[in-house]
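# Remarks on the overall topology
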Amino acid sequence: MASLAGETTAAVSATTRGPAAAPAATATATGRLMSIDALRGLVMLLMLLDHLRETWVLYMPVSDPVDARTVMPALFFTRITSTLCAPVFVALTGLSAYLYGQKHTRAETSAFLLKRGLFLIVLELTFVNLSWRAELPFQFVFLQVIWAIALCMIALAALLHLPRRAILMLGLAIVGAHNLLDGIVLPPDHPLYVLWGVVHERSVTQFLGMTVKINYPVLPWIGVICLGWSIGPWFTTLAANERRRRLTILGIAMVVGFTLLRLLNIYGDTPWFVVPGDRLRTLMSFLALTKYPPSLLFLLPTLGIGAILLGVFERLEGRRVSRWLSVLGGAPMFFYLFHLYLLRILYLAALAIFGPNHGAIFGFDSLAWVWVCFAALIVPLYFPTRWFSALKRRRKDIWWLKYL
């Protein structure tokens, strides 16, 4: 949602009231809220780490939720570093949409969300899918996070015409109650199988000779984007100190709520278990949460930590780390596409040079090399993203750049 946050400064200034009110947010020279971009940039880096894992240790698959009995602990904790990515990004999409709407009519905001959502679906079905397997014509089509964000934007385009309180209540109801639908499992020959796969259950189907895998059922994510939209007024009517306080309290409450509900082991995700004599694997079981679709217990800590981090980045406004991360978060779609193609090129080059060493694929024998590659790629990815961010600022006449 790079472009939705791009016009927020004037909106923030115009809606903050009272002589005692501190500035609602600090913005970059482009008019963007640095704290939002910095948090988005951080989760983009965590996403890079997870995609490196999927590229170089694909022969070590992880289930959903991760099986704490069998998975290597280092792989488990590498995997869960990425759990913040999708929830935080979808929530920030809702927040950015609200801020965009402060300078546009609801009709204009709705139209932009609809067009951007359709644009993202096209990207998912073409450039994104090509990056994962580098094959033409497609034999497999993966409907993943960009697909989910696109459908969430399209849904929000309709829902934003409701009162904000109604959107908030709908978001809370979806996030809190959607696990009640877990027992509905449709067989592949059911007439509603594909639709239910889009809504709430991962599914695989055949279409035009291709295998289509829906990995991101969208219903819970619609709840998340509604919640992100609902905290928008905090950034337009509250003083900075009060907003940071609310974000921190909200985040802590969500993490505590997760801990208490998880300890009860009665609702919200697959039950955890005790591994006799192995406290580490017991902890892993406690932290092994379902992402596809995201359970209530998956969303509580990830969104809670996201809220805390957003408050932290507001305190770090203007600091070097915040400015640096905000560059990555200011052009997230460019970063996303660029890093996917870079990883695919590197993998194909390694496969051509060294040949397969784990069945039909090439992979690192040690997970430590994933972390080495992660550290090595941050700077090479930063400079092209900075270039593209500058291009977007400079070339306002190129209309399609705002969709990236």
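In this text the structure is predicted, and so the values were computed from the model without any measurement.

## Comments concerning the overall build of the chain
When helices and strands are counted, the chain shows 16 helices and 3 strands. Across its three principal directions, the C-alpha atoms of the chain cover 65 × 50 × 45 Å. Going through the 404 residues of the chain one by one, you find that 55% of them count as buried. Within the chain, contacts between residues separated by at least 24 positions form 76% of all contacts whose residues are at least 6 apart in sequence. Carbon and sulfur atoms provide 69% of the accessible area of the chain, an area that totals close to 17,900 Å².

## Examining the packing of helix α4 (residues 85-100) against helix α13 (residues 296-315)
Put simply, α4 and α13 touch, their axes get as near as 9 Å, and they point 60° apart. Relative to α13, α4 is oriented oblique. The way α4 lies across α13 gives a crossing that is right-handed. Side by side, α4 and α13 meet where Pro 87, Val 88, Ala 91 and Leu 95 of the first sit next to Phe 298, Leu 299, Thr 302, Leu 303, Gly 306 and Leu 310 of the second.

## Observations regarding the pattern of salt bridges
In the structure shown here, the tally under the stated rule is 9 salt bridges. Residues Asp 50 and Arg 79 are paired through a salt bridge, measuring 2.8 Å at the closest nitrogen-oxygen approach. Here the residue Asp 50 occupies a position in helix α2 (residues 34-56), and Arg 79 occupies one in helix α3 (residues 73-80), the gap between them amounting to 29 residues. Neither Asp 50 nor Arg 79 differs from the other in exposure class; each is buried.

## With respect to the nonpolar core
Of all hydrophobic cores here, the largest spans 115 residues; its most connected members are Leu 52, Trp 221, Phe 235 and Tyr 336. The dominant element in this core, judged by the number of residues it contributes, is helix α6 (residues 145-159), at 13 residues. The residues touching Leu 52, leaving out its near neighbours within four places in the chain, are Val 57, Leu 343, Val 370, Cys 373, Phe 374 and Leu 377. Counting residues in each nonpolar core, the second largest holds 5 residues, with Ala 331, Phe 388, Leu 391 and Leu 401 among its members.

## Brief notes about the environment of Ala 148
Mapped onto the elements, Ala 148 comes out in helix α6. Each C-alpha atom, one on Ala 148 and one on Tyr 341, is 20 Å from the other, the two residues being 193 residues apart in sequence. When sequence neighbours within four positions are dropped, the list of residues in contact with Ala 148 reads Tyr 216, Val 218 and Trp 221.

## Overview of the packing of aromatic side chains
Per the stated rule, a full pass over the model turns up 21 aromatic pairs. Arranged with centres 5.6 Å apart and planes meeting at 10°, the rings of Phe 334 and Phe 338 form a pair that is stacked. Of this pair, Phe 334 and Phe 338 both sit in helix α15 (residues 332-354), 4 residues apart, roughly one helical turn. Owing to a relative accessible area of 31%, Phe 338 belongs among the partly exposed residues under this scheme.

## A look at helix α12 (residues 279-287)
Residues that lie three or four places apart on an α-helix share one face, since the helix turns once every 3.6 residues. Along α12, the residues classified as buried are Arg 281, Thr 282, Met 284, Ser 285 and Phe 286. Residues of α12 that are buried sit in contact with α3 and α11 (240-264). A distance of 3.3 Å separates the backbone nitrogen of Leu 280 from a side-chain oxygen at the start of α12, and that oxygen is part of Asp 278.

Calculation rules
- Residues numbered from 1 in each chain as written.
- Predicted model: local features only at pLDDT ≥ 70, side-chain atom pairs only at ≥ 80, totals over all residues.
- Heavy atoms only, no water.
- Helix = DSSP H or I, 4+ residues; strand = E, 2+ residues; numbered from the N terminus.
- Buried < 20%, exposed > 50% of the residue type's maximum accessible area, 1.4 Å probe, protein only.
- Contact = heavy atoms within 4.5 Å.
- Areas by Shrake-Rupley, 256 points an atom, 1.4 Å probe, with all protein chains shown as cover.
- Axes fitted to C-alpha atoms, helices over the stretch in contact; angles between N-to-C directions.
- Parallel < 35°, antiparallel > 145°, perpendicular 65-115°, else oblique.
- Left-handed = near helix turned anticlockwise from the far one by under 90°.
- Salt bridge = Lys/Arg side-chain N within 4 Å of Asp/Glu carboxyl O.
- Core = buried A, V, L, I, M, F, W, Y, C linked by side-chain atoms within 4.5 Å.
- Phe/Tyr/Trp six-rings, centres within 6.5 Å; stacked < 30°, edge-to-face > 60°.
- Polar contact = N/O pair within 3.5 Å; in protein donor to acceptor, adjacent residues only side chain to side chain.

Fair warning: the whole summary comes from geometry, so function is off the table for now.
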